[in-house]
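Reading the structure
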Amino acid sequence: MAAIYAFAAGLVFGFGLLVSGLADPARVLGFLDLAGLWNPTLAFVMGGAVVVTSIGFALLRRRRASLSGEPMRWPQASQLDWRLAGGSLAFGVGWGVAGFCPGPAVVAAAAGIGEAGIFVVAMLAGMAIHAIIERARRGGA
Amino acid sequence: MNVDWSAFTPLAGTAGGLLIGAGAVLLMLGAGRIAGISGIVGGLFTPTRGEGWRVAFLLGLCAAPWVYRLFATLPSITVDASTPRLIVAGLLVGIGTRYGSGCTSGHGVCGLSRGSRRSFVATAIFMAAGFVTVYVLRHAVGG
(Lines give C-alpha, C1' and ligand atoms only; values in the text may rest on other atoms or scores of the structure.)
Protein backbone atom coordinates (compact mmCIF):
# COMPACT_ATOMS: atom_id res chain seq x y z
CA MET A 1 0.00 0.00 0.00
CA ALA A 2 2.82 2.42 0.84
CA ALA A 3 4.09 1.99 -2.72
CA ILE A 4 0.80 3.19 -4.22
CA TYR A 5 0.84 6.36 -2.14
CA ALA A 6 4.52 6.83 -2.95
CA PHE A 7 3.88 6.54 -6.69
CA ALA A 8 1.06 9.11 -6.50
CA ALA A 9 3.25 11.42 -4.39
CA GLY A 10 6.11 11.14 -6.89
CA LEU A 11 3.75 11.95 -9.75
CA VAL A 12 2.34 15.07 -8.03
CA PHE A 13 5.85 16.14 -6.98
CA GLY A 14 7.07 15.72 -10.57
CA PHE A 15 4.16 17.79 -11.93
CA GLY A 16 5.13 20.49 -9.47
CA LEU A 17 8.74 20.52 -10.68
CA LEU A 18 7.56 20.84 -14.30
CA VAL A 19 4.85 23.48 -13.70
CA SER A 20 7.11 25.59 -11.48
CA GLY A 21 9.97 25.70 -13.98
CA LEU A 22 12.36 24.10 -11.48
CA ALA A 23 13.01 21.27 -13.97
CA ASP A 24 14.64 23.80 -16.32
CA PRO A 25 18.30 24.47 -15.38
CA ALA A 26 18.25 27.73 -17.36
CA ARG A 27 15.59 29.09 -14.98
CA VAL A 28 17.38 27.76 -11.89
CA LEU A 29 20.61 29.45 -12.96
CA GLY A 30 18.58 32.59 -13.69
CA PHE A 31 17.55 32.60 -10.03
CA LEU A 32 21.08 31.93 -8.76
CA ASP A 33 22.53 34.72 -10.95
CA LEU A 34 21.99 37.75 -8.72
CA ALA A 35 24.52 39.85 -10.62
CA GLY A 36 23.05 39.11 -14.06
CA LEU A 37 19.46 39.17 -15.31
CA TRP A 38 17.81 37.85 -12.15
CA ASN A 39 14.71 35.63 -12.28
CA PRO A 40 13.00 35.65 -8.84
CA THR A 41 10.50 32.87 -9.76
CA LEU A 42 12.25 30.20 -7.68
CA ALA A 43 11.53 32.14 -4.48
CA PHE A 44 7.81 31.77 -5.24
CA VAL A 45 8.26 28.03 -5.89
CA MET A 46 10.00 27.54 -2.55
CA GLY A 47 7.48 29.78 -0.78
CA GLY A 48 4.47 27.90 -2.17
CA ALA A 49 6.01 24.52 -1.37
CA VAL A 50 7.00 25.48 2.19
CA VAL A 51 3.56 26.96 2.99
CA VAL A 52 1.72 23.78 1.93
CA THR A 53 4.24 21.45 3.55
CA SER A 54 4.34 23.42 6.83
CA ILE A 55 0.56 23.27 7.20
CA GLY A 56 0.36 19.64 6.07
CA PHE A 57 3.18 18.46 8.36
CA ALA A 58 1.70 20.35 11.33
CA LEU A 59 -1.58 18.50 10.82
CA LEU A 60 0.20 15.15 10.36
CA ARG A 61 2.28 15.51 13.55
CA ARG A 62 -0.54 14.04 15.64
CA ARG A 63 -0.84 10.88 13.57
CA ARG A 64 0.62 7.64 14.94
CA ALA A 65 0.79 5.93 11.54
CA SER A 66 0.45 6.74 7.86
CA LEU A 67 -2.55 5.65 5.77
CA SER A 68 -0.64 2.58 4.59
CA GLY A 69 -0.02 1.55 8.22
CA GLU A 70 3.69 2.39 8.03
CA PRO A 71 4.93 4.46 10.99
CA MET A 72 5.51 8.20 10.55
CA ARG A 73 9.28 8.42 10.16
CA TRP A 74 10.09 12.02 11.12
CA PRO A 75 13.84 12.78 10.98
CA GLN A 76 15.38 12.73 14.46
CA ALA A 77 18.86 14.17 13.91
CA SER A 78 19.46 17.60 15.41
CA GLN A 79 23.22 18.07 15.74
CA LEU A 80 25.09 20.48 13.51
CA ASP A 81 28.35 19.01 12.26
CA TRP A 82 30.97 19.33 9.55
CA ARG A 83 29.41 16.58 7.43
CA LEU A 84 26.21 18.58 7.14
CA ALA A 85 28.10 21.80 6.35
CA GLY A 86 30.66 20.28 3.98
CA GLY A 87 28.14 18.14 2.16
CA SER A 88 25.75 21.06 1.69
CA LEU A 89 28.62 23.22 0.43
CA ALA A 90 29.61 20.61 -2.19
CA PHE A 91 25.98 20.21 -3.19
CA GLY A 92 25.49 23.97 -3.60
CA VAL A 93 28.58 24.27 -5.80
CA GLY A 94 27.39 21.38 -7.99
CA TRP A 95 23.93 22.94 -8.17
CA GLY A 96 25.45 26.22 -9.36
CA VAL A 97 27.68 24.54 -11.96
CA ALA A 98 24.86 22.89 -13.96
CA GLY A 99 21.58 24.18 -12.50
CA PHE A 100 20.38 20.70 -11.60
CA CYS A 101 19.44 19.39 -8.17
CA PRO A 102 18.38 15.73 -7.76
CA GLY A 103 14.58 15.89 -8.29
CA PRO A 104 14.53 18.11 -11.39
CA ALA A 105 17.44 16.14 -12.89
CA VAL A 106 15.53 12.85 -12.57
CA VAL A 107 12.41 14.40 -14.12
CA ALA A 108 14.36 16.01 -16.97
CA ALA A 109 16.22 12.75 -17.65
CA ALA A 110 12.91 10.87 -17.75
CA ALA A 111 11.61 13.47 -20.19
CA GLY A 112 14.41 12.41 -22.54
CA ILE A 113 16.89 15.26 -22.01
CA GLY A 114 20.28 13.64 -22.68
CA GLU A 115 22.32 16.14 -20.63
CA ALA A 116 20.11 15.43 -17.62
CA GLY A 117 20.81 11.73 -18.11
CA ILE A 118 24.57 12.38 -18.00
CA PHE A 119 24.12 14.42 -14.82
CA VAL A 120 22.01 11.69 -13.17
CA VAL A 121 24.59 8.98 -13.98
CA ALA A 122 27.35 11.15 -12.46
CA MET A 123 25.12 11.86 -9.43
CA LEU A 124 24.50 8.12 -8.92
CA ALA A 125 28.27 7.58 -9.16
CA GLY A 126 28.78 10.22 -6.47
CA MET A 127 26.23 8.52 -4.23
CA ALA A 128 27.90 5.14 -4.85
CA ILE A 129 31.28 6.66 -3.88
CA HIS A 130 29.71 7.86 -0.62
CA ALA A 131 28.21 4.41 0.04
CA ILE A 132 31.55 2.67 -0.64
CA ILE A 133 33.53 5.08 1.58
CA GLU A 134 31.05 4.78 4.42
CA ARG A 135 30.97 0.98 4.17
CA ALA A 136 34.78 0.84 4.30
CA ARG A 137 34.80 3.19 7.33
CA ARG A 138 32.28 1.04 9.18
CA GLY A 139 34.17 -2.12 8.24
CA GLY A 140 37.45 -0.65 9.47
CA ALA A 141 36.05 0.73 12.72
CA MET B 1 19.78 44.50 -9.55
CA ASN B 2 18.23 43.78 -12.96
CA VAL B 3 15.17 41.54 -12.97
CA ASP B 4 14.54 39.32 -15.98
CA TRP B 5 10.84 40.21 -16.26
CA SER B 6 10.34 38.14 -19.43
CA ALA B 7 11.27 34.94 -17.56
CA PHE B 8 9.53 35.91 -14.30
CA THR B 9 6.47 33.63 -13.85
CA PRO B 10 5.30 34.00 -10.23
CA LEU B 11 1.88 32.38 -10.78
CA ALA B 12 3.22 29.22 -12.43
CA GLY B 13 6.02 29.18 -9.86
CA THR B 14 3.60 29.38 -6.95
CA ALA B 15 1.25 26.79 -8.49
CA GLY B 16 4.18 24.43 -9.04
CA GLY B 17 5.37 25.05 -5.48
CA LEU B 18 1.93 24.16 -4.13
CA LEU B 19 2.06 20.88 -6.07
CA ILE B 20 5.56 20.11 -4.78
CA GLY B 21 4.27 20.68 -1.25
CA ALA B 22 1.21 18.51 -1.93
CA GLY B 23 3.50 15.69 -3.11
CA ALA B 24 5.62 15.97 0.05
CA VAL B 25 2.55 15.94 2.31
CA LEU B 26 1.04 12.99 0.40
CA LEU B 27 4.23 10.92 0.84
CA MET B 28 4.20 11.51 4.60
CA LEU B 29 0.44 10.96 4.91
CA GLY B 30 0.42 7.78 2.81
CA ALA B 31 3.82 6.19 3.44
CA GLY B 32 5.21 8.00 6.49
CA ARG B 33 8.30 9.16 4.63
CA ILE B 34 10.07 12.46 3.98
CA ALA B 35 10.14 13.51 0.31
CA GLY B 36 13.86 14.08 0.02
CA ILE B 37 14.91 13.05 -3.46
CA SER B 38 18.61 12.57 -2.71
CA GLY B 39 17.76 10.46 0.34
CA ILE B 40 15.23 8.39 -1.61
CA VAL B 41 17.72 7.72 -4.42
CA GLY B 42 20.71 7.31 -2.10
CA GLY B 43 18.86 4.77 0.03
CA LEU B 44 18.83 2.43 -2.96
CA PHE B 45 22.58 1.91 -2.42
CA THR B 46 21.98 0.25 0.95
CA PRO B 47 18.92 -1.88 0.12
CA THR B 48 16.86 -3.40 2.89
CA ARG B 49 13.44 -5.04 2.99
CA GLY B 50 10.29 -2.97 2.70
CA GLU B 51 11.90 -0.26 0.61
CA GLY B 52 9.63 -0.62 -2.41
CA TRP B 53 8.19 2.84 -1.72
CA ARG B 54 11.49 4.37 -2.90
CA VAL B 55 11.23 2.77 -6.33
CA ALA B 56 7.50 3.59 -6.50
CA PHE B 57 8.12 7.29 -5.71
CA LEU B 58 10.86 7.50 -8.34
CA LEU B 59 8.64 5.77 -10.91
CA GLY B 60 5.97 8.39 -10.21
CA LEU B 61 8.56 11.15 -10.60
CA CYS B 62 9.70 9.68 -13.94
CA ALA B 63 6.11 9.19 -15.13
CA ALA B 64 5.33 12.88 -14.51
CA PRO B 65 6.69 14.27 -17.81
CA TRP B 66 4.98 11.50 -19.79
CA VAL B 67 1.58 12.05 -18.16
CA TYR B 68 2.10 15.82 -18.51
CA ARG B 69 2.63 15.39 -22.27
CA LEU B 70 -0.81 13.77 -22.59
CA PHE B 71 -2.44 17.06 -21.62
CA ALA B 72 -0.03 19.82 -22.59
CA THR B 73 3.27 20.64 -24.21
CA LEU B 74 6.15 20.03 -21.83
CA PRO B 75 7.79 23.27 -20.59
CA SER B 76 11.17 23.96 -22.16
CA ILE B 77 14.22 22.40 -20.48
CA THR B 78 17.42 24.14 -21.54
CA VAL B 79 20.83 22.80 -20.52
CA ASP B 80 23.84 24.97 -21.32
CA ALA B 81 26.45 23.05 -19.32
CA SER B 82 29.08 21.06 -21.23
CA THR B 83 29.48 17.32 -20.63
CA PRO B 84 32.56 17.72 -18.36
CA ARG B 85 30.65 20.31 -16.31
CA LEU B 86 27.61 18.02 -16.08
CA ILE B 87 29.83 15.20 -14.78
CA VAL B 88 31.59 17.40 -12.19
CA ALA B 89 28.23 18.86 -11.11
CA GLY B 90 26.64 15.41 -10.83
CA LEU B 91 29.50 14.03 -8.73
CA LEU B 92 29.41 17.05 -6.40
CA VAL B 93 25.63 16.85 -6.03
CA GLY B 94 25.72 13.07 -5.46
CA ILE B 95 28.47 13.09 -2.82
CA GLY B 96 27.39 16.40 -1.28
CA THR B 97 23.74 15.52 -0.76
CA ARG B 98 24.66 12.20 0.87
CA TYR B 99 27.14 13.74 3.31
CA GLY B 100 24.83 16.70 3.84
CA SER B 101 21.84 14.35 4.33
CA GLY B 102 19.58 16.17 1.89
CA CYS B 103 19.00 18.47 -1.05
CA THR B 104 16.55 21.16 -2.14
CA SER B 105 13.56 18.92 -1.37
CA GLY B 106 14.62 17.18 1.85
CA HIS B 107 16.23 20.24 3.51
CA GLY B 108 14.81 23.12 1.48
CA VAL B 109 11.15 22.08 1.45
CA CYS B 110 10.54 19.36 4.06
CA GLY B 111 13.20 20.41 6.56
CA LEU B 112 12.32 24.11 6.61
CA SER B 113 8.65 23.14 6.96
CA ARG B 114 9.47 21.03 10.04
CA GLY B 115 11.45 23.89 11.54
CA SER B 116 14.60 21.75 11.53
CA ARG B 117 17.73 23.61 12.65
CA ARG B 118 19.92 21.29 10.56
CA SER B 119 17.87 22.02 7.46
CA PHE B 120 18.01 25.81 8.00
CA VAL B 121 21.81 25.59 8.18
CA ALA B 122 22.05 23.21 5.20
CA THR B 123 19.73 25.33 3.05
CA ALA B 124 21.58 28.55 3.90
CA ILE B 125 24.90 26.90 2.95
CA PHE B 126 23.81 25.33 -0.35
CA MET B 127 21.92 28.46 -1.45
CA ALA B 128 24.94 30.65 -0.67
CA ALA B 129 27.24 28.18 -2.45
CA GLY B 130 24.92 28.20 -5.48
CA PHE B 131 24.87 32.02 -5.66
CA VAL B 132 28.65 32.28 -5.31
CA THR B 133 29.32 29.50 -7.84
CA VAL B 134 27.11 31.09 -10.51
CA TYR B 135 28.70 34.48 -9.83
CA VAL B 136 32.19 33.05 -10.22
CA LEU B 137 31.39 31.03 -13.36
CA ARG B 138 29.38 33.75 -15.11
CA HIS B 139 30.98 36.99 -14.00
CA ALA B 140 34.43 36.34 -12.52
CA VAL B 141 35.88 33.82 -14.98
CA GLY B 142 33.40 34.55 -17.75
CA GLY B 143 31.87 31.08 -18.11
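Bear in mind that the values here come from a model prediction, so they are computed numbers and not experimental data.

The helix and strand inventory of chain A stands at six helices and one strand. Partitioning the contacts of chain A with sequence separation of at least 6, the portion at a separation of at least 24 is 41%.

Attention now moves to helix H5 (residues 104-114) of chain B. Within H5(B), nine of the eleven residues are buried, leaving the element largely enclosed by the surrounding structure. Restricting attention to buried positions, one finds in H5(B) the residues Thr104(B), Ser105(B), Gly106(B), His107(B), Gly108(B), Val109(B), Cys110(B), Gly111(B) and Ser113(B). Contacts from the buried residues of H5(B) go to helix H3 (41-60) and helix H5 (102-110) of chain A together with helix H1 (10-31), helix H2 (37-42) and helix H6 (117-140) of chain B. Phi turns positive one or two residues past the end of H5(B), at Gly115(B), with a value near 75°.

A word on the interface of chain B and chain A. Each partner contributes to the interface: chain B provides 105 residues, whereas chain A provides 106 residues. Here the side of chain B that touches chain A takes 21 residues from H1(B), the largest share from any one element. Of the residues assigned to the side of chain B that touches chain A, the class counts are 64 nonpolar, 32 polar and nine charged. With two bridges joining them, strand E1 (residues 37-38) of chain A and strand E1 (residues 2-3) of chain B adopt parallel strand pairing. Bridged to Trp38(A) within E1(B) is Val3(B).

Now for the packing of helix H1 (residues 2-20) of chain A against H5(A). Residue and element names in this part refer to chain A. In contact at an axis separation of 10 Å, H1 and H5 are set at 90° when each is read in the N-to-C sense. Comparing their axes, H5 and H1 come out roughly perpendicular. Touching Phe13, Gly14, Leu17 and Leu18 of H1 are Gly103, Pro104 and Val107, all from H5. Residue composition of the contact of H1 with H5, by class: five nonpolar, two polar and no charged.

Over its 24 residues, H6(B) runs 33 Å from end to end, which matches the ideal 34 Å to within 8%, given 1.5 Å per residue. Within the sequence span of H6(B), burial applies to Arg118(B), Ser119(B), Ala122(B), Thr123(B), Ile125(B), Phe126(B), Met127(B), Ala129(B), Gly130(B), Thr133(B) and Val134(B). Here the buried face of H6(B) lies against helix H2 (25-32) and helix H4 (82-98) of chain A together with H5 of chain B.

Looking now at the domain arrangement of chain A. Interface extent is often summarised as the accessible area lost during association of the parts. All names here are of chain A. With domains assigned, chain A is organised as domain 1 (1-74) and domain 2 (81-141). The gap between the C-alpha centroids of domain 1 and domain 2 is 19 Å. Contact residues are listed per partner, giving eleven residues for domain 1 and eight residues for domain 2. When residues of the side of domain 1 that touches domain 2 are traced back to their parent elements, those giving at least two are H1 and H2. No other element matches H2, which puts five residues into the side of domain 1 that touches domain 2. Its residues assigned to classes, the side of domain 1 that touches domain 2 shows ten nonpolar, one polar and no charged.

Our next topic: the environment of Arg98(B). Along the polypeptide, Arg98(B) turns up in helix H4 (residues 83-99). With 29 C-beta atoms packed within 10 Å, Arg98(B) lands in the buried category. The sequence separation of Arg98(B) and Gly43(B) amounts to 55 residues, and the corresponding C-alpha distance is 9.5 Å. Apart from residues lying up to four places away in sequence, Arg98(B) is in contact with Gly87(A), Met127(A), His130(A), Ser38(B) and Gly42(B).

A separate point is the nonpolar core. For soluble globular proteins, nonpolar side chains are generally found buried alongside one another. The biggest cluster of nonpolar side chains holds 94 residues, and the ones touching the most others in it are Ala6(A), Ala105(A), Val107(A), Phe119(A), Leu27(B) and Phe57(B). Per element, the largest residue contribution to this core is 13 residues, and it comes from H1(A). When residues are assigned to domains, this core turns out to be shared by domain 1 (1-74) and domain 2 (81-141) of chain A, each giving three or more. Those residues within four positions of Ala6(A) in sequence are excluded, and the remaining contacts are Leu27(B), Gly30(B), Ala31(B), Trp53(B), Ala56(B), Phe57(B) and Gly60(B).

The contact between H1(A) and helix H3 (residues 52-71) of chain B brings their axes to 6 Å, and the two run at 40°. With respect to H3(B), the element H1(A) is oriented oblique. In the packing of H1(A) onto H3(B), the handedness of the crossing is right-handed. Grouping the constituent residues of the contact of H1(A) with H3(B) by class yields 21 nonpolar, four polar and no charged.

Procedures and definitions
Residues numbered from 1 in each chain as written. Chains lettered and ligands numbered in written order. Predicted model: local features only at pLDDT ≥ 70, side-chain atom pairs only at ≥ 80, totals over all residues. Helix = DSSP H or I, 4+ residues; strand = E, 2+ residues; numbered from the N terminus. Contact = placed C-beta atoms within 7 Å. Buried ≥ 20, exposed ≤ 12 C-beta atoms within 10 Å, placed from the backbone. Nonpolar A, V, L, I, M, F, W, Y, C, P; charged D, E, K, R; others polar. Pairing = 2+ DSSP bridges. Axes fitted to C-alpha atoms, helices over the stretch in contact; angles between N-to-C directions. Parallel < 35°, antiparallel > 145°, perpendicular 65-115°, else oblique. Expected span 1.5 Å × (residues − 1). Domains from an automatic or database assignment. Core = buried A, V, L, I, M, F, W, Y, C linked by C-beta atoms within 7 Å. Left-handed = near helix turned anticlockwise from the far one by under 90°.

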